[in-house]
Protein chains: 4
Amino acid sequence: MFERVKQARRHSRERVDLTQVLDQCRQLMTQRGEANSLVIASRAVELLSRLGDDGMARLFEVLARDFDPDPGDVLRRAEQYAVDRSPQNLIELGRVAEPPRQELFRRLNRTPGGTAVLVGMRARLLDRIKHDSGLIAVDADLQHLLTSWFNPGFLRLVQVDWRSPAALLERIIRHEAVHEIDGWNDLRRRLEPDRRCFAFFHPALPDEPLIFVEVALVPQMPDAIAPLLARDLPGEGIDPGRFKVAVFYSISNCQPGLRGVNLGNFLIKQVAEHLSREFPGLRTFCTLSPIPSFANWLLHLDAIEAPRLKPARRAHLSAVLAGLRERHASDAASLSKTVQAPKIVEADRQALTSLCAYYLSQLSASPSGDPVARFHLHNGARLERINFAADLSRKGLKQSLGLMVNYLYDLDQIETNHERFVDGQVSASRAVLGLL
Amino acid sequence: MFERVKQARRHSRERVDLTQVLDQCRQLMTQRGEANSLVIASRAVELLSRLGDDGMARLFEVLARDFDPDPGDVLRRAEQYAVDRSPQNLIELGRVAEPPRQELFRRLNRTPGGTAVLVGMRARLLDRIKHDSGLIAVDADLQHLLTSWFNPGFLRLVQVDWRSPAALLERIIRHEAVHEIDGWNDLRRRLEPDRRCFAFFHPALPDEPLIFVEVALVPQMPDAIAPLLARDLPGEGIDPGRFKVAVFYSISNCQPGLRGVNLGNFLIKQVAEHLSREFPGLRTFCTLSPIPSFANWLLHLDAIEAPRLKPARRAHLSAVLAGLRERHASDAASLSKTVQAPKIVEADRQALTSLCAYYLSQLSASPSGDPVARFHLHNGARLERINFAADLSRKGLKQSLGLMVNYLYDLDQIETNHERFVDGQVSASRAVLGLL
Amino acid sequence: MFERVKQARRHSRERVDLTQVLDQCRQLMTQRGEANSLVIASRAVELLSRLGDDGMARLFEVLARDFDPDPGDVLRRAEQYAVDRSPQNLIELGRVAEPPRQELFRRLNRTPGGTAVLVGMRARLLDRIKHDSGLIAVDADLQHLLTSWFNPGFLRLVQVDWRSPAALLERIIRHEAVHEIDGWNDLRRRLEPDRRCFAFFHPALPDEPLIFVEVALVPQMPDAIAPLLARDLPGEGIDPGRFKVAVFYSISNCQPGLRGVNLGNFLIKQVAEHLSREFPGLRTFCTLSPIPSFANWLLHLDAIEAPRLKPARRAHLSAVLAGLRERHASDAASLSKTVQAPKIVEADRQALTSLCAYYLSQLSASPSGDPVARFHLHNGARLERINFAADLSRKGLKQSLGLMVNYLYDLDQIETNHERFVDGQVSASRAVLGLL
Amino acid sequence: MFERVKQARRHSRERVDLTQVLDQCRQLMTQRGEANSLVIASRAVELLSRLGDDGMARLFEVLARDFDPDPGDVLRRAEQYAVDRSPQNLIELGRVAEPPRQELFRRLNRTPGGTAVLVGMRARLLDRIKHDSGLIAVDADLQHLLTSWFNPGFLRLVQVDWRSPAALLERIIRHEAVHEIDGWNDLRRRLEPDRRCFAFFHPALPDEPLIFVEVALVPQMPDAIAPLLARDLPGEGIDPGRFKVAVFYSISNCQPGLRGVNLGNFLIKQVAEHLSREFPGLRTFCTLSPIPSFANWLLHLDAIEAPRLKPARRAHLSAVLAGLRERHASDAASLSKTVQAPKIVEADRQALTSLCAYYLSQLSASPSGDPVARFHLHNGARLERINFAADLSRKGLKQSLGLMVNYLYDLDQIETNHERFVDGQVSASRAVLGLL
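Residues numbered from 1 in each chain as written. Chains lettered and ligands numbered in written order. Predicted model: local features only at pLDDT ≥ 70, side-chain atom pairs only at ≥ 80, totals over all residues.

Take the overall build of chain A next. Each helix and strand counted, chain A has 22 helices and 7 strands in total. Along the first, second and third principal axes, the C-alpha set of chain A runs to 75 × 55 × 40 Å. Here chain A holds 436 residues, and the buried ones make up 45% of them. Taking as baseline every contact in chain A between residues at least 6 positions apart, the subset at least 24 positions apart corresponds to 75%. (Helix = DSSP H or I, 4+ residues; strand = E, 2+ residues; numbered from the N terminus. Buried ≥ 20, exposed ≤ 12 C-beta atoms within 10 Å, placed from the backbone. Contact = placed C-beta atoms within 7 Å.)

Listed below in structure tokens is the structure:
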């Protein structure tokens, strides 16, 4: 509630000098800083929150340059450890090999507000790192610590509904990244009794959701997004007995400073467990997901290449691609239009669906695969169904050519699926494989 | 509430084999373990909680031997880093220099119940380490992580009073380590409106206090413990306007597995801040503390030696000691009796008080000093007053010869005091220094 | 959250017959109904909630006709009591003189949801009573019981802010009756740190606010409403040290069925007490209130008549009125315009202000006085200041000719002021009296 | 927590004079008192809480004498109402027929702490009424209002367990009236996972349980109390799947001032509903109850008389009684001993059981029947089984000759059973009827 006041105050405060910040940070690192860390750290945290962009950029440089381990020390200890693998030698090695900035971050983290400042610093660091790759080791340290601190054992799963604080709902509206929420009435529909929304919270950021997922409870696996987002309640009323499928239709991260700290995986699984207790009749947990890199991939596709694919299939897909090219000349606008045409050319429909099945099932295991596919498949989901003309929004057409995918979370299979994915193999349903 | 049920269940379960535990731990460390860590870790955690003492001892050995860094890898990366101090080289160095068991502990920590199992494991490790010093590096890793996870920014300060859950009060009774609580009625006195009790909690151990402090709110700095522990309320009733001094008369750790994770320092300071907001009339924050190593030190004292002390004072103290020896022949029993004698020999009183002042003010900065003194002085407190015949309980006489100390927490001075202590100098009041 | 589901279900349900309802009500009144009242009452409550308007109207008639005391019984018991004023006779008298429907309402009230149904019934009864004055005794019984049940000792004062449940905020938007709230952003301004909103809740209606008040914390007593409602925060930021005046600028009842159950009086006083604890620097508690009947009174005013007024003042006011009439011919539209004119005729300003002072200070003690004035004056407030051109909204001009009043709640004086008001005398400031 | 402080303060306060109390009460009754009731009532409530026993006794007399309706007014209004049954006449009648003290109590009830003071007053009134039956009309008024205010719709059902506040558990220990709780360890057993305890709370007495019930969850209907109260957990551990029967083995009222306000009925039914949701496997809800008036009845029994009983059965029972008399000469001590004897005379066992079945099944409908039987049978329970040698405690032997009863709450039958009981007929199992 006091955010705007605080903001007002912050704006009135003068910017601070980098020297002041560094002074506190260095004090914090001395032995004295240990017991006084609450006092010194709180001063440092206050100064850090007032540091301008230039000051922060220079701070990152100092952290990268002056707060890394001393190579001579490390080498000496490494040699001793190589000679004698004793616990003492190992402890000494650990002491000198860890970058001192890690201890700095840990001490900053002890004071109220410290965690929030560190998460904010990392967001600024990630912006900065685009221009200065020399900062990646600083980022590695921050990500390492944040991953340890934001581990799921410390998080609280909170159900978001129409009784939730308005301040939280406002953040949900702001952070929804997949299917934009158009104001409070639109949000309300997503919190009706046939919808669910869950968020993770950390004790050190009590008012800030970290990540949230939106779920639709429906009678069958959906093949289009519009009915899920429609503002009207189903005419026949809501009967929990008809809930057979839980659809994760949107997952959004709220904290840019936590990039790379995988929370989505744990969130989906905890929510699935929670829902299966609440509704024992639920049979299926799946997503309805975009394929954000599909259009771009298709337009730049040169040839069908998939070592695991049988030659006959490769040939078939190449022919399909050639036919599509002939009809649309690799033109995104033209492809987008075909999806929306009142009378779709059946050949186009089949071609797009097949190529999408190929893209997702054969290429997702590579780092350049579709990021949403990689997220769910790495979590242990199965590629279940490809839906044509499933998202006709501007964004859906542009990125995914209107296609959407259901990834299936079969709680008995996710472990196996995940292991196969790590080995480079995508788990897919027969229906999808049949499209190839 | 379900503890006894759980206990019953646990007892009925068969002990598990170390092989099973190690199997899960190794799976957890693979890349596959990453996304499935919730499942695998929860299996591992369940098995770990059923591992017998022998199994656990052998597990510790395996952790020490097989889960430490490879010396060859470390040396190679250290050499590369010495040649080129690049971020990439540093990241690689960090990767190989960190003992793999740290990542194992972090993954175990992700699952519900993981933190509790790790804290329990460390308690067993600390027991074991007495016999096997080869485990100190394993302990260093655990302490390192627990310090990071149990940082004060994640803790919740909870006021314990007569409205607190009985389950919590029961734990307070059990864990009180300084002045034993004799059942529910005794506890009740310590929770009356002129007393306070505060505990720290961690989100991953919601039912377990980590550490707690007991405070008495009184009109003046107390010189004996008995009136603070007496069961009767003051006859004149309780008037918050008369609270001038907050006395921290007992601090107890509840989790042996968190030894070395300094929470007491933060607890005292947060409580002092909390109380000064609640009672703006409070003038003084101090302790009434035992000197648990005093009797033992005195009986084995050879000579007065303190480089910082003026020769005249040293001579005086030597004479005092000699006089005491003459009267009591270094006999603890005889000394204890003199403290309680109806008519105390004034020379004894003076001698004990002076020698105590010498002990605490001159010798506390050394690691062999009195542990309670070292804790408070390191926190930035000042040695304020030595109280003769202040604790005539069996334990008080035996350990401290009946003496107690007030350490003063002057919030404006603690930073300076702490820094002086780190430099080897004890902050003491004029009254104490005058005793030398 | 389930409201819309419930609504959907309710709509699908068939209307019930009055006979069924009466059947349950009569069963509930038997001795058998006593112990089974939970079961029977819950059936009755369920049926009542499905009773259509016609059924309800006929139910009211039955309640008025068949559930009133038997005149013969009453007379007999009254005679016995007149002869012998014994406790037994009094108890018997009470038994027969109380309308049986009171017991019916009490039994309905015992079941979950019963209170809500009774409050709803009373709202429908109040609508119906306009056409059927024979129902006033039924209403008297309901109001009597509701006043007893909704006594302030059972209510919970809740601060409404941006952390409040969205479902509650939605109701605040809907029920605001004085200065309409234009959506969520407008509401947000009214919940910033320099604003307060408090509501009363009853345990039997946990999700329904009964009444709420909106408060502005400002440096001085305001003379216009627009700055209080403006969406922008004050440019200089918010500094709680500058809060000197708490302005109750809007009070709204949410439950039509609780008409006549005076909650506003208690709400204002509890909020004033609460705020003076939170901000010891607050000096003044006042309102900024409309005078909703002023325009109508002025247009129909025949002559200045106030027995307590000195003849000279009466004459002066009559002259003022005559002048105003001359300039505007009792024409509301013309008067409204004069208030808004860029250059106000000073004589108009003075005339309107004086006549308003006369209206409020001399005529409020009569039942036909301005209802808002009567509410605050009866609560013990003082008529403090009349503000010209203070509310230029359409409604403000139409009802109050743009004028607004500050009523002052001086907590030391409210008791005396209230007593004087009950005696027919309005407490007013010198400034207001000087206007006459 | 502040109780002892408050107590200390209260004791130091001087006693107040009745005149002061009456002065405030009279002010509260004036029209002025209406709006100022918060202030005046809070003064009155404060004074009432300091009124000594004599003052209170005289206050009751004044309330009985001066705060009752005026017989002349009542008669006049009764006559008017007899002539014209109009709503206006009815409202006027109600106004004069209601004792003014009811309005006084309602106004006192509006202020914080008012309800507690009224409940306390009634407790003192009930003590006083034993000596002064002239107060029964005052009591009728208080009971009438308290019944209305403590209706189940306003109460909160709270599960009491080992996580409950110690302050609440302390009250449970103090108020347990059926089977004494012997300290905290004994209480703990009653809160283990195979036991339940539920209490009702009222919003105006947030720290005071009104009534509570203790429940044992067991595999079959118990025939003795000792195993239920034994401190040991069942050896085989607790398996919720084995809970088939919920036994209400103790119900205790905590507020003597609420005597006659029937809460037990609602408590049992709400708890039964709650438990059947938590444990769908529960088949049976029953009690294990004492028969506190059995011994006394049996010793004074003259002859078997029950109009509904067939002559043959009457004759049989008379013979059984005669046999018992012959063996024990109506001697309670001798009867008690027989129950405990290592070898019970079978004839005694049969005789006592049959006579108990007769007592409970034939005589409970009369006001002089066993109070515990009347409570449960009136609630709609069925007399299910009579257990010989079921309570061998001192109290159990003395009052019930060691016998106990299971009353069965069959949720489908309680309505019918209750109605039959109101008609004078006790519902009993075949087994019990077979004993006659």
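Here two copies of a chain appear, and what relates them is a rotation about an axis with a shift along it. Least-squares fitting of chain B to chain A yields an RMSD of 0.1 Å, with the superposition described by an axial translation of 0.0 Å and a rotation of 180°. Here the transformation between the copies is reduced to the relation of a two-fold axis. When the interface residues of chain B are mapped onto chain A, 100% of them again lie at the interface, so the same face is used by both copies. (Least-squares fit on C-alpha atoms with pLDDT ≥ 70 in both.)

Turning our attention to helix α14 (residues 264–278) of chain D. For α14(D), which comprises 15 residues, the first-to-last C-alpha distance of 21 Å matches the rise-based estimate of 21 Å (1.5 Å per residue) to within 8%. The complete set of buried residues in α14(D) reads Asn265(D), Phe266(D), Leu267(D), Ile268(D), Lys269(D) and Val271(D). (Expected span 1.5 Å × (residues − 1).)

As assigned here, chain A comprises domain 1 (12–149), domain 2 (154–287) and domain 3 (294–434). Centre-to-centre, using C-alpha coordinates, domain 1 of chain A lies 44 Å away from domain 3 of chain A. (Domains from an automatic or database assignment.)

Turning next to unusual backbone geometry. Of note in the backbone geometry, Ala389(C) takes a positive phi value of approximately 50° without being a glycine. Looking at the secondary structure, you find Ala389(C) in the loop between β6 (382–387) and α20 (394–400).

Below, the discussion takes up the packing of helix α9 (residues 114–129) of chain B against helix α10 (residues 136–149) of chain B. When two helices pack together, their arrangement is captured by the angle between the axes and the distance separating the axes. Residue and element names in this part refer to chain B. At a minimum axis separation of 10 Å, α9 and α10 run at an interaxial angle of 145°. Considering the relative orientation of α9 and α10, their crossing is left-handed. Touching Thr115, Leu118, Val119, Arg122, Leu125, Leu126 and Ile129 of α9 are Ile136, Val138, Asp139, Leu142, Leu146 and Trp149, all from α10. Partitioning the contact of α9 with α10 into residue classes produces 10 nonpolar, 1 polar and 2 charged. (Axes fitted to C-alpha atoms, helices over the stretch in contact; angles between N-to-C directions. Left-handed = near helix turned anticlockwise from the far one by under 90°. Nonpolar A, V, L, I, M, F, W, Y, C, P; charged D, E, K, R; others polar.)

Let's shift gears to the interface of chain B and chain A. With 50 residues of chain B in contact, the opposing surface of chain A contributes 51 residues. Taken together, the elements giving at least two residues each to the side of chain B that touches chain A come down to α3 (31–35), α4 (37–48), α6 (71–83), α7 (87–97), α9, α10, α14 (264–278) and α21 (414–422) of chain B. Classifying every residue of the side of chain B that touches chain A gives 24 nonpolar, 17 polar and 9 charged.

So, on to α7(B). Along α7(B), the residues classified as buried are Leu90(B), Leu93(B), Gly94(B) and Ala97(B). Along the long axis of α7(B), the arc covered by the buried residues comes to 100°, so they all point the same way. Buried residues belonging to α7(B) abut α6 (71–83), α7 (87–97) and α10 (136–149) of chain A together with α6 of chain B. (Arc of directions from axis to C-beta.)

Right, let's get into the packing of helix α2 (residues 18–29) of chain A against helix α5 (residues 53–66) of chain A. All names here are of chain A. Packing of α2 against α5 brings their axes to within 10 Å, and their N-to-C directions diverge by 40°. By the criterion of interaxial angle, the relationship of α2 to α5 is oblique. Both α2 and α5 take part in a crossing whose hand is right-handed. Between α2 and α5, the contacting residues are Leu18, Val21 and Leu22 on the first element and Gly55, Arg58, Leu59 and Val62 on the second. Grouping the constituent residues of the contact of α2 with α5 by class yields 5 nonpolar, 1 polar and 1 charged. (Parallel < 35°, antiparallel > 145°, perpendicular 65-115°, else oblique.)

Residue and element names in this part refer to chain A. Of all residues in chain A, 93% attain a pLDDT of 70 or more, and the chain-wide mean is 89. Note on residues 1–12: pLDDT under 50 across the span, and 16 contacts to partners over four residues away in sequence or across chains. We note a pTM of 0.90 for the whole complex and an ipTM of 0.88 for its interfaces. (pLDDT = per-residue confidence, 0-100.)

Let us now look at the pairing of strand β4 (residues 245–253) of chain C. Residue and element names in this part refer to chain C. Where strand β3 (residues 211–218) lies against β4, 8 bridges are found, and the strand directions are antiparallel. What sits directly across from valine 213, in β4, is isoleucine 251. As paired strands, β4 and strand β5 (residues 284–287) are joined by 4 bridges and run parallel to one another. Paired with valine 247 across the strands is cysteine 286, a residue of β5. You can see the chain leave β4, run along helix α14 (residues 264–278) and come back into β5, and the turn it takes is right-handed. (Pairing = 2+ DSSP bridges. Right-handed = clockwise from strand over helix to strand, strands pointing away.)

Below, the discussion takes up the environment of Ala137(B). Its place among the elements puts Ala137(B) in helix α10. Residue Ala137(B) is classed as buried on the basis of its C-beta count, with 24 C-beta atoms lying within 10 Å. When the C-alpha positions of Ala137(B) and Cys197(B) are compared, they lie 36 Å apart, and in sequence the two are 60 residues distant. Apart from residues lying up to four places away in sequence, Ala137(B) is in contact with Pro87(A), Leu90(A), Ile91(A), Ala64(B) and Asp68(B).

As a further point, take the environment of Ile225(B). Residue and element names in this part refer to chain B. By the secondary structure assignment, isoleucine 225 is in the loop between β3 (211–218) and α13 (226–229). C-alpha separation for the pair isoleucine 225 and threonine 19, spaced 206 residues apart in sequence, amounts to 53 Å. Filtering out sequence-adjacent residues up to four positions away, isoleucine 225 remains in contact with His179, Tyr249, Leu288, Ala390, Asp391 and Met404.

Within the secondary structure, Arg308(B) is located in the loop between α15 (294–299) and α16 (311–328). Given 10 C-beta atoms within 10 Å, Arg308(B) falls into the exposed group.

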